[in-house]
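So the chains spell out like this:
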Amino acid sequence: MTERLYYHDSYLNRFAARIVECGGDGSTVYLDRTAFYPTSGGQPFDLGSISGIAVRDVIDEGGRIAHLLAAPLAPGPVECSIDWTRRFDHMQQHTGQHLLSAVFDELFRLRTVSFHLGAESSTIDLEGGAADARILSAVEARANQIVWENRPVAVTYEEAANAQGLRKAPEREGTLRVVSIDRLDRSACGGTHVRTTGEIGAVALRKVEKVRQTVRVEFLCGGRAIRRARADYESLSRVAQLFSSSLDEAPGVVAAQMEMARAADKARRKLELDLAAYQGKELYQNTAPGADGVRRAVRRATSGTLDELRALAQNFTAQSQAVFLATLANPPSVLLATSADSGVDAGQRLKAALAEAGGRGGGTARMAQGSVPDAAALDKVAAALTA
Ligand SMILES: [Zn+2]
């Protein structure tokens, strides 16, 4: 059994111990006592070093705790040091989770069913209903109020059979480690916590999403809340600067600009259609009819899209006895449009030509489109359709 020093003092970040056993090639070590927290209960493992060798992972094996090192060590006495910045951050997020879970429960009967402490942000999953903006705002305000009251966070050991008033029924029997926030919460937990709510620092609730039957609430505490607020401020400042507005006015200004852009886009599309109608008519007038009286126009484009030529094709073939063929070099593709009185079924005609050239596509009797594998095939299709 490894003695878990973090159970009794979560602020211990330097300690002496003995390597009592080594596993594998010697880079997995077991200590007689450790303050390294292993991944469990939603809280990630600690980093740090043992005799100057970096700790890569800490695993709870039940009775013992395995420390995975960057290099092997031999049994004997060692000096250990924990990455305190990382650990204290975890303590802020984890104690913040106890606080938030208790407040969600107290105010709205929303019960926490799981907790995840991530590298950037943390989440709790709640069940018992939806969590709208009003609920989030009330919970955030109440949680921060309790932070300012700087209430003690205490650890006691109690028998499961006698433990009263736990937020969640204990999952095991025997002695429980109970973490309490004064006059708010009692939870069985083996994690590391700060000693007063003031050390949690600012509590910020963020994104909410529905995940199956639960509501997932993202939150940030302490240093993370401050860093996020700084990053948010910088992003919003850049947006405001682009629109020459103040931060508070930025959303309204962006919405107004987007509305203007949409209107301009609509006007541009209308002008494009008007222009295509004009160009279609002009092209028709400038195209001499063949011996059979059908006017045939061919456009061979190297760049752009076939969609850009569709309006022209439609307007050309809106007039009598007209056939319009367009090819695009890249990607190799073809468009065929015909007027109803041209005697040509665009879909059938194009499909037949494409089949010969190893291409694919189709369409209606009036308008068809397809693609071919390469330039040679495109020439073959164009030749077949203009023959
Ligand atoms: Zn805890």
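Summarised in this report is the structure supplied together with it. (Residues numbered from 1 in each chain as written. Predicted model: local features only at pLDDT ≥ 70, side-chain atom pairs only at ≥ 80, totals over all residues. Heavy atoms only, no water.)

## Let's talk about the coordination of the zinc ion
Threshold: Keep in mind that water is not among the atoms, so a site may look incomplete; donors are the N, O and S atoms within 2.8 Å of the metal, or 3.2 Å for Na, K and Ca. Just to be clear on the cut-offs, tetrahedral is four donors with all angles between 85 and 135 degrees, square planar is four donors and octahedral six with opposite donors over 155 degrees apart and all others between 65 and 115, and anything else goes down as irregular. Per the convention used, a helix needs a DSSP run of H or I reaching at least four residues, while a strand needs a run of E reaching at least two, with both numbered from the N terminus. Residue exposure (1.4 Å probe, protein chains only): buried if accessible area is under 20% of the type maximum, exposed if over 50%, otherwise partly exposed.
Ligation of the zinc ion by protein atoms is provided by His94 (NE2), His98 (NE2), Cys189 (SG) and His193 (NE2), these donors lying 2.0 to 2.2 Å from the ion. For the zinc ion, the 4 donor atoms in the first shell make angles of 97 to 123° at the metal, a pattern classed as tetrahedral. All donors to the zinc ion come from one chain, and their sequence spacing reads H-x3-H-x90-C-x3-H. Note that His94 is positioned in helix H1 (residues 84-108) and Cys189 in the loop between strand S13 (185-188) and strand S14 (203-211), a separation of 95 residues in sequence. Its relative accessible area of 16% is what places Cys189 among the buried residues.

## Remarks on the pairing of strand S7 (residues 65-69)
Quick note on the threshold: At least two bridges found by DSSP between two strands is the condition for calling them paired.
The element S7 is extensively covered by neighbouring structure, given that 4 of its 5 residues are classed as buried. Across 3 bridges, strand S3 (residues 28-31) lies against S7 in antiparallel orientation. Following the sheet pairing, Thr28 is matched in S7 by Leu68. Bridge count for strand S6 (residues 53-60) against S7 is 5 bridges, and the pairing is antiparallel. From the neighbouring strand, Ile59 faces S7, where its bridge partner is Ala66.

## Overview of helix H7 (residues 375-386)
Operational definition: For a helix, the expected span equals 1.5 Å multiplied by the residue count minus one. Arc definition: it is the arc formed by the directions from the helix axis to the C-beta atoms. Every residue pair with non-hydrogen atoms within 4.5 Å of one another is taken to be in contact. Distance and chemistry together define a polar contact, namely a pair of N or O atoms within 3.5 Å, with one atom able to donate a hydrogen and the other to accept it when in protein, and with adjacent residues in sequence counting only for side-chain atoms on both sides.
With 12 residues, H7 extends 16 Å between its outermost C-alpha atoms, agreeing within 8% with the 16 Å of an ideal straight helix rising 1.5 Å per residue. Taken as a whole, H7 has its buried residues at Ala377, Leu378, Val381, Ala382 and Leu385. Angularly, the buried residues of H7 cover 135° about the axis, an arc narrow enough to put them on a single face. Lining the buried residues of H7 we find strand S16 (295-301), strand S17 (322-328), strand S18 (333-338) and helix H6 (346-357). Looking at where H7 begins, the residue whose side-chain oxygen comes 3.3 Å from the main-chain nitrogen of Ala376 is Asp374.

## Topic: the packing of H6 against H7
Quick reminder of the rule: All axes are obtained by fitting lines to C-alpha atoms, using only the stretch in contact for helices, and the reported angles, taken between N-to-C directions, cover 0 to 180 degrees. Reported orientations rely on four angle classes, namely roughly parallel under 35 degrees, roughly antiparallel over 145, roughly perpendicular from 65 to 115, and oblique for the rest. Two helices cross in a left-handed way if the nearer one is turned anticlockwise from the farther one by less than a right angle. They cross in a right-handed way if the turn is clockwise. We call Asp, Glu, Lys and Arg charged. Ala, Val, Leu, Ile, Met, Phe, Trp, Tyr, Cys and Pro are nonpolar, and the rest, Gly among them, are polar.
Contact geometry of H6 with H7 gives a least axis separation of 9 Å together with a crossing angle of 140°. When the axes of H6 and H7 are compared, the pair comes out oblique. Every pair of crossing elements has a handedness; the one defined by H6 and H7 is right-handed. From H6, Arg349, Leu350, Ala353, Leu354, Glu356 and Ala357 reach across to H7, where they touch Ala377, Lys380, Val381, Ala384 and Leu385. Along the lines of polarity and charge, the residues of the contact of H6 with H7 split into 8 nonpolar, no polar and 3 charged.

## Structural notes on the side chain of Ser342
Mapped onto the elements, Ser342 comes out in the loop between S18 and H6. Only 2.7 Å separates the side chain of Ser342 from the backbone oxygen of Ser339, close enough to count as a polar contact.

## What to know about the pattern of salt bridges
The line we're drawing: The salt bridge criterion pairs a side-chain nitrogen of Lys or Arg with a carboxyl oxygen of Asp or Glu, the two atoms within 4 Å.
Summed over the entire model, instances satisfying the criterion amount to 23 salt bridges. Arg142 is the partner of Glu106 in a salt bridge, and the nearest nitrogen-oxygen pair spans 3.3 Å. One end of the pair, Glu106, is in helix H1; the other, Arg142, is in helix H2 (residues 133-148), with 36 residues separating them in the sequence. Among the residues examined, Arg142 registers a relative accessible area of 26% and is labelled partly exposed. Close ionic contact of Asp185 with Arg167 constitutes a salt bridge, the shortest N to O distance being 2.7 Å. Taken together, the positions of Asp185 in strand S13 and Arg167 in the loop between strand S11 (153-159) and strand S12 (175-181) put the pair 18 residues apart, joining distant regions of the chain. The exposure class assigned to Asp185 is buried, which follows from its relative accessible area of 5%. Using a relative accessible area of 16% as the deciding quantity, one classes Arg167 as buried. Among the ionic contacts, a cluster of salt bridges with common partners joins Asp265, Arg268, Arg269 and Glu272.

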